[in-house]
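# Structural description and commentary
One letter stands for each residue in the lines below.
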Amino acid sequence: MANVTDLQTKYSKLAQEYSKLRAQNQVLKKAVVDEQANSASLKEQLKQRDQSLRKQEQEMDSLSFRNQQLAKRVELLQEELAASEAKGKKGKSKGDSPSQHGLQTQSVFDEDLQKKIEENERLHIQFYEADEQHRRQEAALKARLEELEKDAEQHQTAVDGLTTKYVETIERLQSDKARLEVKSQTLEREAKECRMRTEECQQQLRRCQSELNRQVKQSSSVIQEKVPFNDTKFSDYNSLNVPSHNRRHQLKARDVSGQALSFIQDLVAALLNFHSYTEQRVHIYPLDSSIEPISPLNQKFSQYLHENAAYVRPLEDSFLQLHQSITEDTVTVLETVVKLKSFADNFSTYTHFLQKILPYQLKSLEEECEAPLCTTALTAKNKELQSDMKKVTSVFEKLQNYINLLALPSVRQDAMPQSSTSAVFTQLAACLHCLHDAVKEMSKHYNQKAGIEQELPTVTQKLCTTTECLLGSLGSLTSSTGKIATFFSNNLDFFTSSGYNPRGCTVALNPLQAESMLANKKKAAIYISAIKKARPQSVPYREALSNRRILTSSTESREGLTQQVQQSQEKIARLEQEKEHWLLEAQLGKVRLEKENQRIADLEAQLAAALGGSPNSQTAAASTLAQSQEEAETELRATGKETTLCTSLVGMLCTTPTVEHVGDEESREQLIKTHYMARVGELTTQLQISDSKAVHFHSECRALAKRLTIAEKSRETLSDDVKLANQNITRLQDELATTKRSYEDQLSMMSDHLCSMNETLSKQREEIDTLKLGSKGNAKKNKGR
């Protein structure tokens, strides 16, 4: 059943991972499609902008050509103006008074024309600078667009690789799913068969329980009729009232000590991990010892923490010795459990160790509070942890006192009455619950502190991993203390009950009575073994003890049903072995039948030969045939009357021995041995193959998990890169739009200015033409005069 549940959980995990990968694959496909659409749109926008740039260049060329024409026109006008000025100077000598007004107007026009020429030069310079700036921005945008296209190609290749990997993992997971479904179906069939067997075993168990209850009632009625020995004058003689050996109490004590040993081992492992990871954290935070030396106080603290195994390991060793001292052949009470004193001493040593490192723990937390990046919330959590550590140390001190009180009766007799013992056990259970609560609070505060520390900017990956390990050790410490507290509370009645009391007396058992009890137990065992030898037809004593042990353990613990199931499986295996044994017997029978047929054929051949010979030989053959028939009849009678029972290591078989086949038993035994050796070899090879497959599947699952984490990390990085690329594209689009808008505005302004310049130039031409006409008319008038 455990294998079925493990397979179901693994299958559910694989299904969840498959669904996650499928969703992630769809998201990545959608992102790739979006990226392709964005790149296509960007290419189209680039083409449009190239076209607009070409148009603008053409317009620029036309404008520059027009500007050159205007400049040439202005130069020609300037030359004509200079010529007209020279002519005006010549005519001035002839007549200054008529042309003075014309010269003044001409000087005004010259100044206006000079201003227009300067303005035209300035606009030409601005236009050239704007053209150069536009070309530089265009080159930068093209380079950036090429980089973005390269990044998009890299992202596309990465996405294609991830899609291929995901397809492979999906196919592999589907094959694993099919294989696991087949395996789960086979396991379900086996589970159904096991359920049917367990139901049969439960019915047998109920019948045995009813029979045992009836026997217990009879025996208890017989025991109650007996009168204990009680001397009222001399109480020392009451030590003769030796109680009977309570085997059920010993089995319960053995079971309870085994469970407590497993919990103590978990507690010791959790404490070792907690101290070791605390030592690693001291070397990392608030100062990293690999970069700069830590404070002398933390150095001393880490030195003490490094010695934690010398104080924690003896707890497990001493409790293991205590568990080994509790057997079925001993008497387990506080007065006889001597190994409890060593466990109490080791626990006291560990408590002194906690008291020794407590000030260093508090000082270390204060140093963390004094760090420059320590926030107020982190300081508050450190103060809460200080109070939690003080509380845990005080609870360990209380536990030390109670355990020393329980170990005192084994050292000094009459140290503590029965009522005080039950009170100590009750207080010890309450103190264990207090320890669980204190460790739980400390784990909660450490979790909150770790969450605050991860938000700090100076937190390293090494500190994060050490903190996670420390939180894991605190979680295991919390669970182990909780298990110990619940276990002690559940078995408190057993601890407070008196398993051994002399008859007619309420005084606790002393070691002298325990020795006499064990001596009486040995005598009873010898007596029962003697009865067993005298009455061989009865049930053997060891077999009865094993049956009673199985029944008592099945009624007192939950593991009884599993033992019954194991027995039923062994029975099925034994039946299968018997089946194969009988198949071999059938093969042996076939061999014997062939031999018998061959013998009959030989006899018939002899008979035919005899019939073909002389009458004397015929009579001899007939006599031999009659003798062989008589021998066969006697053999058949022997087979009908006498059957021998053959036993071996394989099993039991009823055989009918004959004169001719006396050595068949050895050959049968050899055949069976060879067959079973071959079968064992096949089973071992199958087991090795299944183990190797399981290891391979486990390693493949781990590799898949690692690949999945790597793929998730790469997907996150790629998504971040895609986001950055999208942001860059939007930013570039905005910049391109602004530059385009600014260039359009500048071009509109330039075109308006050129239009105004053309208008002014046309006006100036008209004025120059009128002036030329006026000057020609004046010249003619002067000549006429």
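Residue indices follow the written sequence of each chain, beginning from 1 at its first position. In view of the model being predicted, local features appear only for residues whose pLDDT reaches at least 70, and side-chain atom pairs are presented and counted only at 80 or more, with totals across whole chains, interfaces and linings using the full set of residues. Hydrogens and water are ignored here; the side-chain numbers use all heavy atoms of the structure.

## Comments concerning the overall build of the protein
Counting its regular elements, the protein contains 15 helices and 2 strands. Across the 785 residues of the protein, 29% fall into the buried class. Whether two residues touch is decided by their heavy atoms; if any such pair falls within 4.5 Å, the residues are in contact. Intrachain contacts of the protein at a sequence separation of at least 6 include 83% that bridge at least 24 residues. Areas reported here follow the Shrake-Rupley algorithm with a probe of radius 1.4 Å; residue values treat only the protein chains shown as occluding. Carbon together with sulfur atoms contributes 55% to the accessible area of the protein, which is approximately 50,600 Å² in total. Counting from the N terminus, the helices are the DSSP runs of H or I reaching at least four residues and the strands are the DSSP runs of E reaching at least two. A 1.4 Å probe rolled over the protein chains alone gives each residue an accessible area, and that area as a share of the maximum for its type sets the label: buried under 20%, exposed over 50%, partly exposed in between.

## Observations concerning helix α6 (residues 339-369)
Every α-helix winds through 3.6 residues per turn, so residues three or four apart in the chain are directed the same way. With 31 residues, α6 should reach 45 Å at 1.5 Å per residue; the first-to-last C-alpha distance of 45 Å fits that figure. Here the bend at a residue is taken as the angle between two axes, fitted respectively to the seven residues that end there and the seven that start there. The principal kink in α6, of about 35°, is found at I357, preceding the proline P359 by one to four residues. Expected span, for any helix, means 1.5 Å times one less than how many residues it has.

## Here's the deal with the nonpolar core
Core analysis: the biggest nonpolar cluster contains 66 residues, and L340, Y350, M442 and Y446 have the highest contact counts within it. When residues of this core are traced back to their parent elements, those giving at least two are α3 (247-284), α4 (296-306), α5 (309-325), α6, α7 (376-407), α8 (418-454), α9 (461-490) and α10 (492-496). Ranked by residues supplied to this core, first place goes to α3 with 13 residues. Counting 14 residues, the second largest nonpolar core, distinct from the first, contains L21, L28, L173 and L187. Grouping buried Ala, Val, Leu, Ile, Met, Phe, Trp, Tyr and Cys residues that are joined through side-chain atoms within 4.5 Å yields what is termed a nonpolar core.

## What to know about the packing of α5 against α6
Helix axes are fitted to C-alpha atoms over the stretch in contact, other axes to C-alpha atoms as well, and angles between N-to-C directions run from 0 to 180 degrees. Packing of α5 against α6 brings their axes to within 9 Å, and their N-to-C directions diverge by 165°. With respect to α6, the axis of α5 lies roughly antiparallel. Where α5 crosses over α6, the two elements pack in a sense that is left-handed. Contacts between α5 and α6 involve Y311, V312, P314, L315, S318, F319, Q321, L322 and S325 from the first element and K339, L340, S342, F343, N346, F347, T349, Y350, F353 and K356 from the second. Taken together, the residues that form the contact of α5 with α6 break down as 11 nonpolar, 6 polar and 2 charged. Angles are sorted into four bins: roughly parallel if under 35 degrees, roughly antiparallel if over 145, roughly perpendicular if 65 to 115, and oblique for all others. Two helices cross in a left-handed way if the nearer one is turned anticlockwise from the farther one by less than a right angle. They cross in a right-handed way if the turn is clockwise. Residues are grouped as follows: Ala, Val, Leu, Ile, Met, Phe, Trp, Tyr, Cys and Pro are nonpolar; Asp, Glu, Lys and Arg are charged; all remaining types, including Gly, are polar.

## Comments concerning the side chain of S364
Along the chain, the position of S364 falls in helix α6. Residues within four places of S364 in sequence aside, it is in contact with V282, L297, N298 and F301.

## Describing the pattern of salt bridges
In what follows, salt bridge is the name for a side-chain nitrogen of Lys or Arg lying within 4 Å of a carboxyl oxygen of Asp or Glu. In the structure shown here, the tally under the stated rule is 18 salt bridges. Here D131 makes a salt bridge to R135, at a shortest N to O gap of 3.4 Å. With a gap of 4 residues between them, D131 and R135 both fall in helix α2 (residues 96-224), about one helical turn apart. On the basis of relative accessibility, which here comes to 46%, the residue R135 falls in the partly exposed class. Here E735 makes a salt bridge to R731, at a shortest N to O gap of 3.3 Å. With E735 and R731 both in helix α15 (residues 664-784), this residue pair falls 4 residues apart, about one helical turn.

## Topic: a positive patch on the surface
Distance thresholds for patches are 9 Å for like charges and 5 Å for nonpolar side chains (Val, Leu, Ile, Met, Phe, Trp, Tyr), applied to residues having over 30% relative accessible area and no salt bridge. Lys and Arg are tallied as positive, Asp and Glu as negative. Neither His nor the chain termini are counted. Charged groups are reduced to one reference atom each: NZ for lysine, CZ for arginine, CG for aspartic acid, CD for glutamic acid. A surface patch of like charges, here positive, comprises K10, K13, K183 and K693. Look at K13 and you get exposed, because its relative accessible area is 54%.

## A look at the packing of aromatic side chains
Any pair of Phe, Tyr and Trp rings, taking the six-membered ring for Trp, is counted once the centres come within 6.5 Å. Such a pair is stacked with planes under 30 degrees apart, edge-to-face with planes over 60 apart, and tilted for the rest. With the rule as written, the count across this model stands at 10 aromatic pairs. Arranged with centres 5.4 Å apart and planes meeting at 65°, the rings of F263 and F487 form a pair that is edge-to-face. Placement of F263 in helix α3 and of F487 in helix α9 is noted, with a sequence separation of 224 residues between them. F487 shares its class with F263; the two are buried. For the pair Y350 and F396, a centre-to-centre distance of 5.7 Å together with 75° between the ring planes defines the contact as edge-to-face. With Y350 in helix α6 and F396 in helix α7, this residue pair connects regions lying 46 residues apart in the sequence. With a relative accessible area of 6%, F396 lands in the buried category. Taken together through their ring pairs, the aromatic side chains of Y311, F319, F343, F347, Y350, F353 and F396 make up a single cluster. A positively charged side chain is recorded as over a ring if its NZ (Lys) or CZ (Arg) lies within 6 Å of the ring centre. The angle to the ring normal must also be within 35 degrees. Here the basic side chain of K356 rests over the ring of Y304, its NZ or CZ set 4.6 Å away from the ring centre.

## Observations regarding the environment of S568
Turning to its location among the elements, S568 is positioned in helix α13 (residues 560-612). For S568 and R197, which are 371 residues apart along the polypeptide, the C-alpha to C-alpha distance reads 6.8 Å. Discounting chain neighbours no more than four positions away, the residues touching S568 are R197 and C201.

## A look at the side chain of H275
Relative to the assigned elements, H275 resides in helix α3. Judged by relative accessible area, which is 2%, H275 ranks as buried. If near-sequence neighbours (up to four positions away) are discounted, H275 is found in contact with L305, N308, V312, Y350, F353, L354 and I357.

## Some words on a negative patch on the surface
A contiguous patch of negative charge, built from E146, E147, E149, D151, E153, E716, D720 and D721, is present on the exposed surface. Take the negative patch: its biggest share by element is 5 residues, from α2. Judged by its relative accessible area of 52%, E147 is exposed.

## Looking at the packing of α4 against α6
Viewed as axis vectors pointing N to C, α4 and α6 meet at an angle of 145°, and their least axial separation amounts to 10 Å. Considering how the two elements wind past one another, α4 and α6 form a crossing that is left-handed. Counting all contacts with α4, which are made through L297, N298, K300, F301, Y304 and L305, the residues of α6 involved are F353, K356, I357, Y360, Q361, K363, S364 and E367. Split into classes, the residues belonging to the contact of α4 with α6 amount to 7 nonpolar, 3 polar and 4 charged.

## Some words on the confidence of the model for the protein
For the protein, the mean per-residue pLDDT works out to 76, and 76% of the residues sit at or above 70. As a per-residue measure, pLDDT tells how confident the predictor is, with possible values from 0 to 100. Segment residues 503-507: pLDDT under 50, and 8 contacts once partners within four positions in sequence are set aside and those in other chains are kept. pLDDT under 50 marks residues 614-618. Its contacts with residues more than four places away, or in other chains, come to 4 contacts.

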